[in-house]
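Summary of structural features
One-letter residues, chain by chain:
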Amino acid sequence: MLLRVLGSSAGGGFPQWNCNCPQCDGLRRGRIRAQARTQSSIALSCNGQDWLLVNASPDILAQIRATPALQPARSARDSGIAAVLLMDAQIDHVTGLLMLRERSTPLPLLATPEVLSDIGSGFPLTSILSHYCGVASQAIACDARPFQIDALPGLTLQTLALDSKPPPYSPWRNAPRQGDNIGLLVHSSATGERLFYAPGLAEVTPALHDVMAGCAVVLVDGTFWRADEMQRLGLSTKSAADMGHLPQSGAGGMLEHLARLPAGVRKVLIHINNTNPILDEDSPERAQLAAHGIEVAYDGMEIRW
Ligand code: MLT
Ligand code: MN
Ligand code: ZN
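Residues numbered from 1 in each chain as written. Chains lettered and ligands numbered in written order. Predicted model: local features only at pLDDT ≥ 70, side-chain atom pairs only at ≥ 80, totals over all residues. Heavy atoms only, no water.

Thoughts on the UniProt feature "domain: Metallo-beta-lactamase" (unreviewed entry) in the protein
We count it as follows: UniProt positions are given in the numbering used here, feature names are shortened, and annotations may be inferred rather than shown by experiment. Every helix listed is a DSSP run of H or I at least four residues long, and every strand listed is a run of E at least two residues long, numbered separately from the N terminus.
The residues that UniProt annotates with the feature "domain: Metallo-beta-lactamase" (unreviewed entry) are residues 51–272. Secondary structure content for residues 51–272 is 18% helix and 24% strand, and the end C-alpha separation is 23 Å.

Right, here's the structure in full:
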């Protein structure tokens, strides 16, 4: 199985258009060693030609341009993107759907009923797209049952409900439902191994820990280093928990959870907010990750398992 990271940043990207935090300002002025990153998306393929786009980022057009494998050019109008699956209804994960409107057939779109309801009403993307290519929605249950996608034979997936938050525009923002956020398990038919992907994750429950411990690769929420990162920088009144993200540092943080996984599990952080000091490749926080064998995803990163 092949996974390509199209966008490794959280909402806003890195550097963020209006942000002068130490990372954004440092990158613009060349003061820190860091790589720019686009907003959160990955693509999965069994054959390198047909891809499942997981999340449709606001940066999707730039991401497609940067990824020739997504453009196999088999006919006059063609794309390697065979279907889209959404992890949640957050703006950084769904806005790019509008950019796929030039398709000549309805876009195969997989998401939970909760996500489909948010992008059908609060941010009515599916009704807008009905005036363009249209959407062939397929509701997925987050019941961990293995399933396949018609357009992508060979890909076997499982989805799990995760503790996190629906988007600020959702009527359910303060009353999260099962299905607002999911984690994805991707099977490799060649090796029998699984990869776990969860860009938004507020809690690692014992059951989720066991799932992660059984994977070859975990690619998980790297949004914030600290629980009060945005507040300390004076950029927001919201904590990581308010936004549905588990920070890396501190008691019960992501680093502690990752350290308890078996040594053979490859550990990668993704959906990294521009305020997170791990983006600075010379930061002590980045050194701490390296010491724990934890990688930081970057745009263009490829993972095979
Ligand atoms: C999040 O992951 O918390 C959201 O993408 C934040 C946002 O939409 O700005
Ligand atoms: Mn996000
Ligand atoms: Zn910033």
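Re the site of ligand 1
Quick note on the threshold: We call a residue near a molecule or strand when any one of its heavy atoms sits within 4 Å of it. Within 3.5 Å is the distance limit for a polar contact, defined as a pair of N or O atoms, with the added protein rule that one can donate a hydrogen and the other accept it, and that residues adjacent in sequence qualify only through two side-chain atoms. Note that Gly is not counted as nonpolar here; it falls among the polar residues with everything else outside the nonpolar set of Ala, Val, Leu, Ile, Met, Phe, Trp, Tyr, Cys and Pro and the charged set of Asp, Glu, Lys and Arg.
Around ligand 1, the surrounding shell consists of Q90, D92, M243, H245 and H271. Within the side chain of H271, one N or O atom sits 3.2 Å away from an oxygen atom of ligand 1. Split by residue class, the shell around ligand 1 holds one nonpolar, three polar and one charged.

Re the sheet that holds strand β6 (residues 135–139)
Stated formally: Strand pairing follows a simple DSSP-based rule, namely that at least 2 bridges must link the two strands. Structural elements are reduced to axes, namely lines fitted to C-alpha atoms, with helices fitted over the stretch in contact, and the angle between N-to-C directions of any two is expressed from 0 to 180 degrees.
Here we have seven strands laid out as an open sheet, ordered β6-β5-β4-β3-β2-β1-β14, and mixed in their pairing. A single partner strand is all that each edge strand has here, and the edge strands are β6 and β14 (302–304). Averaged over all adjacent pairs, the angle separating strand axes in this sheet is 25°, with direction ignored.

A closer look at the pattern of salt bridges
For clarity, the cut-off: Between Lys or Arg on one side and Asp or Glu on the other, a salt bridge is scored when a side-chain nitrogen of the former is within 4 Å of a carboxyl oxygen of the latter. When a residue's accessible area, from a 1.4 Å probe over protein chains only, is under 20% of the maximum for its type it is buried; when over 50% it is exposed; and in between it is partly exposed.
If you walk through the whole model with that rule in mind, you get 15 salt bridges. Between D180 and R177 there is a salt bridge, with its nearest N and O atoms 2.9 Å apart. The exposure class of D180 is buried, given its relative accessible area of 3%. With its nearest N and O atoms 3.2 Å apart, the salt bridge here joins E302 to R304. With relative accessibility at 35%, the residue E302 sits in the partly exposed group. Here the residues in one salt-bridge network are R4, E302 and R304, joined through shared partners.

What about the pairing of strand β10 (residues 194–198)?
For clarity, the threshold we go by: Crossover handedness is defined here as right-handed if the route from the first strand over the helix to the second strand goes clockwise, with the strands pointing away from the viewer.
For β10, the tally of buried residues reaches four of five residues, placing the bulk of the element in the interior. Here four bridges tie strand β9 (residues 182–187) to β10, and the two strands are oriented antiparallel to one another. Counted as the bridge partner of V186 is L195 from β10. In sequence, β9 turns back onto β10 through a hairpin of six residues, with G192 there showing a positive phi of about 75°. What joins β10 to strand β11 (residues 217–221) is helix α6 (residues 206–213), and the crossover it makes is right-handed.

Quick notes on the coordination of the zinc ion (ligand 3)
Our working rule: Each metal's donors are the N, O and S atoms within 2.8 Å of it, or within 3.2 Å when it is Na, K or Ca, and because water is not part of the set, sites may look incomplete. Any coordination sphere not matching a tetrahedral pattern (four donors, all angles between 85 and 135 degrees) or a square planar or octahedral pattern (four or six donors, opposite donors over 155 degrees apart, other angles between 65 and 115) is reported as irregular.
Taken together, C19 (SG), C21 (SG), C24 (SG) and N274 (OD1) make up the protein donors of the zinc ion (ligand 3), found 2.2 to 2.3 Å from the metal. Because the angles between the four donor atoms bound to the zinc ion (ligand 3) fall within 100 to 118°, the donor set is best described as tetrahedral. Within one chain, the residues serving as donors to the zinc ion (ligand 3) are arranged as C-x1-C-x2-C-x249-N. Across the pair, C21 and C19 agree in class, each one buried.

Comments concerning the packing of aromatic side chains
Here is the rule: Pairing of aromatic rings covers Phe, Tyr and Trp, the last through its six-membered ring, and needs centres within 6.5 Å; plane angles under 30 degrees mean stacked, over 60 mean edge-to-face, and all others mean tilted. Geometrically, a lysine NZ or arginine CZ counts as sitting over a ring once it is within 6 Å of the ring centre and also within 35 degrees of the ring normal.
Tallied over the entire structure, the rule returns one aromatic pair. Taken together, a centroid distance of 5.7 Å and an interplanar angle of 80° make the contact between F123 and Y169 edge-to-face. Of this pair, F123 sits in the loop between α4 (113–118) and α5 (125–129) while Y169 is found in the loop between β8 (152–161) and β9, placing the two residues 46 residues apart along the sequence. Judged by its relative accessible area of 24%, Y169 is partly exposed. In this structure, R101 packs its charged tip against the face of Y132, placed 6.0 Å from the ring centre.

Quick word on the coordination of the manganese ion (ligand 2)
At 2.1 to 2.2 Å from the manganese ion (ligand 2) lie its protein donor atoms, namely D92 (OD) and H271 (NE2). Placement of D92 in helix α3 (residues 91–94) and of H271 in the loop between β12 (266–270) and α9 (284–291) is noted, with a sequence separation of 179 residues between them. We classify D92 as buried; its relative accessible area is 7%. Residue class for H271 comes out buried when judged on its relative accessible area of 5%.

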